[in-house]
Amino acid sequence: MSEELAVFLIYGTPMLVIFLFYIRGFRKKHKKNLGIKVEAIRDGLTEPASLHPIVNPIRCIGCGSCVAACPEKEVLGLVHNKAELISPTQCIGHGACKVVCPTGAIKLVFGTERRGLDLPEVAPNFETNVPGVFVAGELGGMGLIRNAIEQGRQAMDSVRERLKKSRPTGSDVLDVLIIGAGPAGFSATLSAMENKMRYVTVEQDSLGGTVSHYPRGKLVMTAPAILPLVGKVKFTETSKEELMDFWTGVAKKFNVRINYKERVESIDQTSGYFNIKTTKKTYKSRSVLLAIGRRGTPRKLGVTGEDKSKVVYRLIDPEQYRNKHVLVVGGGDSALEAAWSIAELGSPVTLSYRSEAFSRAKKKNRLKVEEMEQTGTLKTLMKSNVKSINDDSVDITLANGSVKRIKNDGVIVCAGGILPTGFLKDIGIQVITKYGTE
């Protein structure tokens, strides 16, 4: 055996083995990712809920950096050596994929060509077309808690920059009135305190906004974020209760002032400031931050009997439905979570959805519903619509046109909410529909 051949066998063989294992692993991942993509298309799970990435296949070099950076598993994947959104409905709009892409192949967009998303038009500094009115958080399309926290802080930086131009001392006019105490509004409030601004925060409900109404035990993704006065907070996946306890502790520690159970009725602009009328008083402020949710008014079914006291539009505590016959209406995460959390108590639950697939729900919630359905505790009625709500029953129109009457003690409607377009337009804010645009 020649010396050259011996060297090749010693050094080349291990490299060849490693290469073959790499190729095997690459093909295995490709097959798995392709399977996930095909399954999503088959089940009709192709429409992202809000902010999501679009990958330019020409620029993509298949490095996989975006896949590794995504906090959700099996949302992005390499297919034919190009990054793709293989589970569109599971995308939470984190945005880390765009940051790490070395070739700029990824852009983040709202809506799709098929399903538009209504959003108030805002500038990069979060200011709307109405000078002095800013938007942050869920209303602007940022449903992810970490992003909403960051937007609340950044929006307040923009408010401060604007105030540098004109901020009279000794005035009864506020620097900013913050509407909403969800993730964005709470972050903005802490920022206002940190920068010693004259502010008032009003919240029509309670601390946490939409988060406070999540079902008990719901896991929420809160990647590390910078919270004013607090600094960097490190959360990965925590329960709703743990997150609310943390926010409550921060509010108590820093003596955060928030006016709860106070709803804004109108915002009018006069010379140099805004008049904000609430259910309790009228404020004067040089700027306004809208940190309200997108739900606005809960979307109703518009059927006979919907005004009955047994009909509610969110689940607070599954325990209140123990040993009761419950109907849950909707196909998103809130509907599925409400349905399986009540079914776990042994209560008979029917889940009615107008479409043929739960296209807006996370995979883990869909699997949980399937599991509960197999046990016989939970029943799903796809392509169905509630016809009427009676005292002790409900009538549901099925896919074949027939009407089914089922026993019922409570109805939970999780059909989303109506964007507060009228309120925004009254202020003068332009609302645009985005079809897969930035």
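Residues numbered from 1 in each chain as written. Predicted model: local features only at pLDDT ≥ 70, side-chain atom pairs only at ≥ 80, totals over all residues. Heavy atoms only, no water.

S.K.: For this particular structure, what's the right way to read a positive patch on the surface?
M.R.: A contiguous patch of positive charge, built from R115, R299, R354 and R360, is present on the exposed surface. Here R299 lies in the loop between strand 18 (297–298) and strand 19 (311–312). (Patch = residues over 30% accessible without salt bridge, like charges linked within 9 Å, V, L, I, M, F, W, Y side chains within 5 Å. Areas by Shrake-Rupley, 256 points an atom, 1.4 Å probe, with all protein chains shown as cover. Salt bridge = Lys/Arg side-chain N within 4 Å of Asp/Glu carboxyl O. Lys, Arg positive; Asp, Glu negative; His and termini not counted. Charge placed at Lys NZ, Arg CZ, Asp CG, Glu CD. Helix = DSSP H or I, 4+ residues; strand = E, 2+ residues; numbered from the N terminus.)

S.K.: Mind showing me how you'd approach the pattern of salt bridges here?
M.R.: Pairing is possible between side chains of opposite charge, provided their charged atoms come close. Scanning the entire structure with this criterion turns up 13 salt bridges. As a salt-bridge pair, K32 and E74 come within 3.1 Å of each other at their nearest N and O atoms. Of this pair, K32 sits in helix 1 (residues 3–42) while E74 is found in the loop between helix 2 (65–69) and strand 2 (76–79), placing the two residues 42 residues apart along the sequence. Using a relative accessible area of 49% as the deciding quantity, one classes K32 as partly exposed. (Buried < 20%, exposed > 50% of the residue type's maximum accessible area, 1.4 Å probe, protein only.)

S.K.: What am I meant to see in the environment of E306 here?
M.R.: Its location among the elements puts E306 in the loop between strand 18 and strand 19. Exposure remark for E306: the relative accessible area of 10% places this residue in the buried category. Sequence separation between E306 and I389 is 83 residues; the distance between their C-alpha atoms is 6.2 Å. In this view, E306 contacts K300, L301, V311, Y313 and I389; residues no more than four positions away in its chain are not counted. A polar side-chain atom of E306 sits 2.7 Å from the main-chain amide nitrogen of L301. A polar contact of 2.7 Å, which involves the side chain of E306, links it to the backbone nitrogen of G302. (Contact = heavy atoms within 4.5 Å. Polar contact = N/O pair within 3.5 Å; in protein donor to acceptor, adjacent residues only side chain to side chain.)

S.K.: What should I look at first to understand the sheet that holds strand 14 (residues 264–270) in this one?
M.R.: The antiparallel open sheet is built from 3 strands, whose spatial order is 14-15-16. On the outer flanks of this sheet lie strand 14 and strand 16 (282–285), each paired with one strand and no other. Strand-to-strand twist of the sheet, defined as the mean angle between neighbouring strand axes without regard to direction, takes the value 20°. When strand 15 (residues 273–278) meets strand 16, the two strands line up antiparallel, connected through 4 bridges. From the neighbouring strand, K277 faces strand 16, where its bridge partner is T282. (Pairing = 2+ DSSP bridges. Axes fitted to C-alpha atoms, helices over the stretch in contact; angles between N-to-C directions.)

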